[in-house]
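One-letter residues, chain by chain:
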Amino acid sequence: MSVKNVIGSAALLTWLTAGAGIASEVIPSADATFSKWGEEEGWTIYVDESRGSCLIEREDENSNVVQMGLTEDQKFGYLGVFTQADLKFKDGKVHLLLDEKPYYADARAKTKNLAEGYKGGYILANNPNFVDDVMKRYTMIVMPEDKAAFQVSLDGTFKAIEAARKCNVEQAN
């Protein structure tokens, strides 16, 4: 699964401190163009040519896909999580555990048009502790409606995020 396959429509999980008005800026448009910039620690780094910013993507051993990048205005980071597990994402809360450290997000279910039976969505993050925790942790448990759902590997995120930051600097110049 690649970034081109995930883009289309997804559940939007809005970080509690993020405003609803920026939600539409998270998901790149369906006609966005992506080019591969590089790879780091099992993550692929893409340039979103329409935004002039970079994102990282990785599929773990359980076929869960994680994406991380910047919103269109580059003021917020996002983390997208997608699974083929038999889950139902409903409107409500999503509870994330990063190696037992909890985070909570609001969720709006909207999972049609994802490739290959994937379900999931994006979390907006303007909390710098969240980004730091993602970089330093190895697993994330995603629990829609506070029910244990699935675990996602975050292996290699530290170096991959650092590479994406370098990529973003290059795009800005």
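For the structure itself, look to the data block above.
Quick caveat: nothing in here was measured; it's all calculated off a predicted structure. (Residues numbered from 1 in each chain as written. Predicted model: local features only at pLDDT ≥ 70, side-chain atom pairs only at ≥ 80, totals over all residues. Heavy atoms only, no water.)

> Tell me about the overall build of the protein chain, and please be specific about residues and values.
When helices and strands are counted, the protein chain shows 3 helices and 11 strands. Counting from the amino terminus, helix and strand elements in the protein chain follow one another as α-β-β-β-β-β-β-β-β-β-α-β-β-α. The buried share among the 173 residues of the protein chain stands at 50%. Put simply, of all contacts in the protein chain between residues at least 6 apart along the chain, 61% involve residues at least 24 apart. (Helix = DSSP H or I, 4+ residues; strand = E, 2+ residues; numbered from the N terminus. Buried < 20%, exposed > 50% of the residue type's maximum accessible area, 1.4 Å probe, protein only. Contact = heavy atoms within 4.5 Å.)

> Break down the pattern of salt bridges for me, with residues and values.
This model, assessed by the stated rule, comprises 6 salt bridges. A salt bridge links D133 to R137; its shortest N-O distance comes to 3.5 Å. We classify R137 as partly exposed; its relative accessible area is 21%. As a salt-bridge pair, E162 and R165 come within 3.0 Å of each other at their nearest N and O atoms. Linking E162 with R165, this pair stays in helix α3 (residues 157-172), spanning 3 residues, or about one helical turn. Bridged by salt links that share partners, the residues K101, D133 and R137 form one connected network. (Salt bridge = Lys/Arg side-chain N within 4 Å of Asp/Glu carboxyl O.)

> Lay out the nonpolar core in plain terms, naming residues and giving numbers.
Within the largest apolar cluster, 27 residues are counted, with the highest numbers of intra-cluster contacts made by I56, M68, L79, F130 and M140. Broken down by element, this core gets its largest block of residues, 5 residues, from α3. In this structure, F34, Y46, L55 and Y78 belong to the second largest nonpolar core, which totals 10 residues. (Core = buried A, V, L, I, M, F, W, Y, C linked by side-chain atoms within 4.5 Å.)

> Explain the packing of helix α2 (residues 128-136) against α3 to me, and be specific about the residues and the numbers.
It is the contact of α2 with α3, at a shortest axis distance of 7 Å, that shows an interaxial angle of 125°. Comparing their axes, α3 and α2 come out oblique. When α2 is examined against α3, the residues V131, V134 and M135 are found in contact with a partner set consisting of T157, F158, I161, E162 and R165. Its residues assigned to classes, the contact of α2 with α3 shows 5 nonpolar, 1 polar and 2 charged. (Axes fitted to C-alpha atoms, helices over the stretch in contact; angles between N-to-C directions. Parallel < 35°, antiparallel > 145°, perpendicular 65-115°, else oblique. Nonpolar A, V, L, I, M, F, W, Y, C, P; charged D, E, K, R; others polar.)

> For the side chain of Q67, give the residues involved together with the corresponding values.
Mapped onto the elements, Q67 comes out in strand β5 (residues 65-70). Polar contacts involving the side chain of Q67 include one to the side chain of E57, which spans 2.7 Å. (Polar contact = N/O pair within 3.5 Å; in protein donor to acceptor, adjacent residues only side chain to side chain.)

Purely geometric stuff here, so don't read any function into it on its own.
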